[in-house]
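Close look at the chain arrangement
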Amino acid sequence: MNARPPAPLLGAALAVFRKDLLAEWRTRIAVNALFLFAFAVLVLVGYAVGPTRLAPEDRPTVNAVLLWIVIFFSAMTGLSRVFVKEEEAGTASALRLAAPPPAILLGKYLVNILLLSAVTAFIVPLFLVLMSFEIKCPSLFIALLVLGCLGLAGASTFTAALVSKASAKGALFAVLSIPLLLPPLIAAVSGTQVAAREEDFKAGADFVRVLIAYDGVVTTAAFALFDAVWRE
Amino acid sequence: MKSLGLVAKWFLGLGMAAICWGAFLYARPAQNFVGESSRIVFFHVPQAWVSTLAFFVAAWYSWRYLKTRRIEDDEAASAAARLGFLFCVLATVTGSIFARVMWNSYWNWDPRETSIVLLLLVYGAYLGLRGALEDPERRATLSAAYALVAVVTVPFLTFAVPRMYQSLHPDTVINVRGKVEMSSDIRLIFFSSMVAFMGLFYWMWNLDRRVSRIVRERAGSVA
């Protein structure tokens, strides 16, 4: 029958994923931007606020906000690379020929999830130690971090594809991403405040639900609309 | 057709004047509000409603653009977004003044206040994206895609979050109990004002689209 097997979407996506990781490993632009920015902000916050300047009852509120600010702005420094670099290097056309659009988006999405999870895994323990931020319900906290990172990576991968075609990419990336990311960030911050105060997972289950719904909706919308953006 | 438009314009102008008169002189102030502050409902709510409606109009025409690739649809979407931004600013400012009178603070991150700021941000981002794209077709496609992603994420803050927190904001017209709780004089002026504001939006939107078309045709004839 057909000698050439149909390129499965997942296979193509994984190929894009591997290619991007390799390219990233050679230059390390996104990794450096993400980690150095996150670390620099962590040092600043740790030095300026630190564990002792906050009254114990204020810690859950303030620390939850600071933690998500660090994660969010780190995402804003590095996650646009996946598409911007293709336009800058002039490789976007070749990529257009090599893989179907959903596979490209999925591959880039996975790269951004990996990058953001790595930064979060690096930042969160340091943050907890430096700020003596105690989490009463670790399972809720971890669920919020995982879902928050999925949502951040999902929406920002899509906006990265948009800004890669525009001028003033860096500034525009944050401007376009903030409105899309405000709902999950508010849910994640509020949920983290609950996780720092209550031991019961159920107390913050609503926020987890909002995040699950958001991640599902934004990912679906991104995949549905990516075709038009990518062909432009 | 021309005379119909003229009649509609006169009707809108006189109607708006009548609504202003009715809002201040005919309708009585509602109970449980500080002084005369409830009269803001006749202007603030239609503005907020039009700014939300404009967002859905922009999203609808964006979707149509992606289907048909007609530049007119993109112009309609961008006109709706520009007007939506204007009405959104008005709704935010009037709401803030009301908050000052009612709760003695211009801004207190009530869920409704948060959601209107989100809408303002989305409009700003959409218009910013349009400004950063030179090529008309690319601008149309990318801003349409952005508008459609935004339209699915905005409901999270406008519908989900306000119901998860306590809000000081007076019940919206479409409330949990599913009925309009207004006295008849207020209801008359309020719904007339809703219709008039939507008419105003439609008129301004149409003007904007016609100007866009003329500009495009002029540019085409020069090139």
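Residues numbered from 1 in each chain as written. Chains lettered and ligands numbered in written order. Predicted model: local features only at pLDDT ≥ 70, side-chain atom pairs only at ≥ 80, totals over all residues. Heavy atoms only, no water.

Residue and element names in this part refer to chain A. Relative to the elements of secondary structure, R28 occurs in the loop between α1 (9-27) and α2 (29-48). Separated by 180 residues in the primary sequence, R28 and V208 have C-alpha atoms spaced 33 Å apart. Looking at R28, its side chain comes within polar contact range of the main-chain oxygen of W25, at 2.7 Å. (Helix = DSSP H or I, 4+ residues; strand = E, 2+ residues; numbered from the N terminus. Polar contact = N/O pair within 3.5 Å; in protein donor to acceptor, adjacent residues only side chain to side chain.)

Another aspect to go through is empty space enclosed by the protein. All names here are of chain B. According to the stated counting rule, one finds two cavities of 30 Å³ or more in the structure shown. Empty space within the largest cavity amounts to approximately 50 Å³. Lining the largest cavity, in full, are F55, A58, A59, A81, V122, Y123, Y126 and A147. For the lining of the largest cavity, the secondary structure elements donating two or more residues are α2 (41-68) and α4 (111-131). (1 Å grid on protein atoms, 1.4 Å probe; cavity = no way out; pocket = protein on both sides within 12 Å on 5 of 7 lines; lining within 4 Å. Points joined across faces, edges and corners; volume = space filled by probe spheres on them.)

Before going further, it helps to spend a moment on unusual backbone geometry. If you check the backbone angles, S132(A) has positive phi at about 35 degrees while not being a glycine. Residue placement: S132(A) occurs in the loop between α6 (101-130) and α7 (138-163). With a relative accessible area of 30%, S132(A) lands in the partly exposed category. A positive phi angle, near 60 degrees, is found at N104(B), a position not held by glycine. Along the polypeptide, N104(B) turns up in the loop between α3 (71-103) and α4. (Buried < 20%, exposed > 50% of the residue type's maximum accessible area, 1.4 Å probe, protein only.)

Residue and element names in this part refer to chain B. Roughly 650 Å³ of volume is contained in the second largest pocket. Lining the second largest pocket are 22 residues, with L4, G5, A8, K9 and W203 positioned closest to its centre. At the level of secondary structure, the elements contributing two or more residues to the lining of the second largest pocket comprise α1 (2-26) and α6 (184-222). The element contributing the most residues to the lining of the second largest pocket is α1, with twelve residues. Its residues assigned to classes, the lining of the second largest pocket comprises 14 nonpolar, five polar and three charged. (Nonpolar A, V, L, I, M, F, W, Y, C, P; charged D, E, K, R; others polar.)

Each turn of an α-helix holds 3.6 residues, which means side chains three or four residues apart point in the same direction. Residues and elements named next belong to chain A. Under the 1.5 Å per step criterion, the end-to-end length of α2 is 28 Å for 20 residues, consistent within 8% with the ideal 28 Å. Three or more residues of α2 are buried, namely A30, L34, A38, V41, L42, V45 and G46. Buried residues of α2 fall within an arc of 130 degrees about the axis and therefore sit on the same side. Exposed positions of α2 whose direction lies more than 90 degrees from the buried face are L36, L44 and Y47. Lining the buried residues of α2 we find α1, α3 (59-78), α4 (81-89) and α6. (Expected span 1.5 Å × (residues − 1). Arc of directions from axis to C-beta. Contact = heavy atoms within 4.5 Å.)

With that out of the way, let us pick up the packing of α2(B) against α4(B). Residue and element names in this part refer to chain B. At a minimum axis separation of 11 Å, α2 and α4 run at an interaxial angle of 40 degrees. One way to sum up the angle between α2 and α4 is to call them oblique. α4 is crossed by α2, and the crossing has left-handed handedness. Together, A48, S51, T52, A54 and F55 of α2 and I116, L119, V122 and Y123 of α4 make up the contact between the two elements. Here the residues of the contact of α2 with α4 sort into seven nonpolar, two polar and no charged. (Axes fitted to C-alpha atoms, helices over the stretch in contact; angles between N-to-C directions. Parallel < 35°, antiparallel > 145°, perpendicular 65-115°, else oblique. Left-handed = near helix turned anticlockwise from the far one by under 90°.)

Residue and element names in this part refer to chain B. Taken together, the side chains of V34, F85, V89, V93, I97 and V101 define a hydrophobic patch exposed on the protein surface, amounting to about 430 Å² of accessible area. Relative to the elements of secondary structure, F85 occurs in helix α3. On the basis of relative accessible area, F85 is assigned to the partly exposed category, the value being 30%. (Patch = residues over 30% accessible without salt bridge, like charges linked within 9 Å, V, L, I, M, F, W, Y side chains within 5 Å. Areas by Shrake-Rupley, 256 points an atom, 1.4 Å probe, with all protein chains shown as cover. Salt bridge = Lys/Arg side-chain N within 4 Å of Asp/Glu carboxyl O.)

The subject of this paragraph is a positive patch on the surface. A contiguous patch of positive charge on the surface is contributed by K2(B), K9(B), R210(B) and R213(B). Relative to the helices and strands, K2(B) resides in helix α1. (Lys, Arg positive; Asp, Glu negative; His and termini not counted. Charge placed at Lys NZ, Arg CZ, Asp CG, Glu CD.)

Moving on, we get to the nonpolar core. In terms of nonpolar packing, the biggest core is built from 138 residues, with F83(A), L162(A), F42(B), F201(B) and W205(B) touching the most fellow members. If one sorts the elements of this core by residue count, α7(A) sits on top with 14 residues. In this view, L162(A) contacts L176(A), V229(A), L129(B), L142(B), A145(B) and Y146(B); residues no more than four positions away in its chain are not counted. (Core = buried A, V, L, I, M, F, W, Y, C linked by side-chain atoms within 4.5 Å.)

The next point concerns the packing of aromatic side chains. A ring pair, where both rings are aromatic, is described by two values, the distance of the centres and the angle of the planes. This structure, assessed with the given rule, holds 21 aromatic pairs over all chains. Each ring, one from F83(A) and one from F226(A), has its centre 5.7 Å from the other, and the planes form 45 degrees; the classification is tilted. Taken together, the positions of F83(A) in helix α4 and F226(A) in helix α9 (residues 205-231) put the pair 143 residues apart, joining distant regions of the chain. When its relative accessible area of 1% is taken as the criterion, F226(A) is described as buried. Centre to centre, the rings of F87(B) and F197(B) are 6.3 Å apart; their planes meet at 75 degrees, and the pair counts as edge-to-face. Linking F87(B) in helix α3 with F197(B) in helix α6, this pair joins segments that are 110 residues apart in sequence. Counting every residue linked through ring pairs, the aromatic cluster contains Y61(B), F87(B), F197(B), F201(B), Y202(B) and W205(B). One cation-aromatic arrangement involves K108(A) over F83(A); the distance from NZ or CZ to the ring centre is 5.4 Å. When the ring centre of W205(B) is taken as origin, the NZ or CZ atom of R209(B), which lies over that ring, is 4.4 Å away. (Phe/Tyr/Trp six-rings, centres within 6.5 Å; stacked < 30°, edge-to-face > 60°. Lys NZ or Arg CZ within 6 Å of the ring centre and 35° of its normal.)

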